[in-house]
Amino acid sequence: CMPVAALVDEKVFCMHGGLSPDLHSMEQIRQILRPTDVPDSGLICDLLWSDPEEGLQGWGENERGVSFTFGTDVVDKFLRVHDLDLICRAHQVVEEGYQFFAKRQLVTVFSAPNYCGEFDNSASMMSIDENLMCSFQIIKPMTSRTKSKYDSPR
């Protein structure tokens, strides 16, 4: 089973989606019985599908039709309450492969360049060293010239 979330050195909280209004303790995540189906709402759903939203305060409706969006204030409070330094997530195409939110307290790391063949986005991988310093390796998108070289003949 893939983990629902991870905690790096008790300071960096990682998940696919984002935060949940139902998450009050890390123990809730530890108690999730695995394997499990992903429900349409609730903690597991939010950890997989919620998104940060610029300009939002609190929680909002997600235009994807599932889970929530959350603002910088939610990130601030979550980090403070849980004594964390950073939230690391994926789940959204970002142009440069990674993108910070909430004064660099949350980072979206997207690992698929040229997502679905419809975007010219870069991808990235984030490394965290023993001092919890983060660095990013960028994977540039394929150019149209490179794409045509590797595309199968039609």
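Small disclaimer: the values here were computed from a predicted structure and weren't measured.

The rules behind the values
Residues numbered from 1 in each chain as written. Predicted model: local features only at pLDDT ≥ 70, side-chain atom pairs only at ≥ 80, totals over all residues. Heavy atoms only, no water. Core = buried A, V, L, I, M, F, W, Y, C linked by side-chain atoms within 4.5 Å. Buried < 20%, exposed > 50% of the residue type's maximum accessible area, 1.4 Å probe, protein only. Helix = DSSP H or I, 4+ residues; strand = E, 2+ residues; numbered from the N terminus. Contact = heavy atoms within 4.5 Å. Phe/Tyr/Trp six-rings, centres within 6.5 Å; stacked < 30°, edge-to-face > 60°. Lys NZ or Arg CZ within 6 Å of the ring centre and 35° of its normal. Pairing = 2+ DSSP bridges. Axes fitted to C-alpha atoms, helices over the stretch in contact; angles between N-to-C directions. Polar contact = N/O pair within 3.5 Å; in protein donor to acceptor, adjacent residues only side chain to side chain.

Peer 1: Hey, could you run me through the nonpolar core in this one?
Peer 2: Grouped burial of nonpolar side chains is what soluble globular proteins tend to show. Grouped together as the largest cluster of nonpolar side chains are 23 residues, with contacts concentrated most on Phe13, Leu19, Leu47, Val75, Phe78 and Ile87. Mapped by element, the contributors of at least two residues to this core are strand 2 (12-15), helix 1 (26-30), helix 2 (43-49) and helix 3 (72-82). Ignoring anything within four residues of it in the chain, the contact list for Leu19 reads Phe13, Asp46, Ser50, Trp59, Phe70, Val74, Val75, Phe78 and Ile87.

Peer 1: Is there a simple way to think about the packing of aromatic side chains in this case?
Peer 2: Each aromatic ring pair is summarised here by two numbers: the centre-to-centre distance and the angle between the ring planes. What the rule picks out here adds up to eight aromatic pairs. Residues Tyr98 and Phe100 carry aromatic rings whose centres are separated by 5.9 Å and whose planes lie at 85° to one another, so their mutual orientation is edge-to-face. The class of Phe100 is partly exposed, set by a relative accessible area of 24%. Ring pairing ties together the aromatic residues Trp59, Phe68 and Phe70, which thus form one cluster. The ring of Phe100 is capped by Arg104, whose NZ or CZ atom sits 4.0 Å from the centre of that ring.

Peer 1: I tried to follow the sheet that holds strand 1 (residues 5-8) on my own but got confused; where do I start?
Peer 2: The pairing of strands in a sheet comes from backbone hydrogen bonds and takes either a parallel or an antiparallel form. Overall, mixed pairing links the five strands, which are arranged 1-2-6-8-7 in an open sheet. Looking at which strands have only one partner, the edges of the open sheet turn out to be strand 1 and strand 7 (98-101). Averaged over all adjacent pairs, the angle separating strand axes in this sheet is 20°, with direction ignored. Where strand 1 meets strand 2, four bridges bridge the pair, whose relative direction is antiparallel. Bridging across to strand 2, Ala5 finds its partner in Met15.

Peer 1: In this structure, what is going on with unusual backbone geometry? I would like to understand it.
Peer 2: For residues besides glycine, phi is generally negative; the peptide bonds are generally trans as well. For the peptide bond that leads from Arg34 to Pro35, omega is -10°, which places it in the cis range. As for its position among the elements, Pro35 is in the loop between helix 1 and helix 2. Phi is positive for Glu10, which is not a glycine, with a value near 60°. For Asn114, which is not glycine, the phi dihedral falls at a positive 50°. As for its placement among the helices and strands, Asn114 is situated in the loop between strand 8 (106-109) and strand 9 (123-128).

Peer 1: I tried to follow the side chain of Ser50 on my own but got confused; where do I start?
Peer 2: Looking at where Ser50 falls in the secondary structure, it is placed in the loop between helix 2 and strand 3 (51-52). Given a relative accessible area of 0%, Ser50 falls into the buried group. Within the structure, Ser50 has its side chain in polar contact with the backbone nitrogen of Gly18 (distance 3.3 Å). Excluding residues that lie within four positions of it along the chain, Ser50 makes contacts with Gly17, Gly18, Leu19, Cys45, Asn62, Ser67, Phe68, Phe70, Arg89 and His91.

Peer 1: Is there a simple way to explain the pairing of strand 9 in this structure?
Peer 2: On a regular strand, one side chain projects to one face of the sheet and the next to the other, so that they alternate. Two elements, strand 9 and strand 10 (residues 134-139), share six bridges in a ladder whose sense is antiparallel. What sits directly across from Met125, in strand 10, is Gln137. Between strand 9 and the antiparallel strand that follows it, strand 10, lie five residues; Leu132 among them carries a positive phi value of about 65°.

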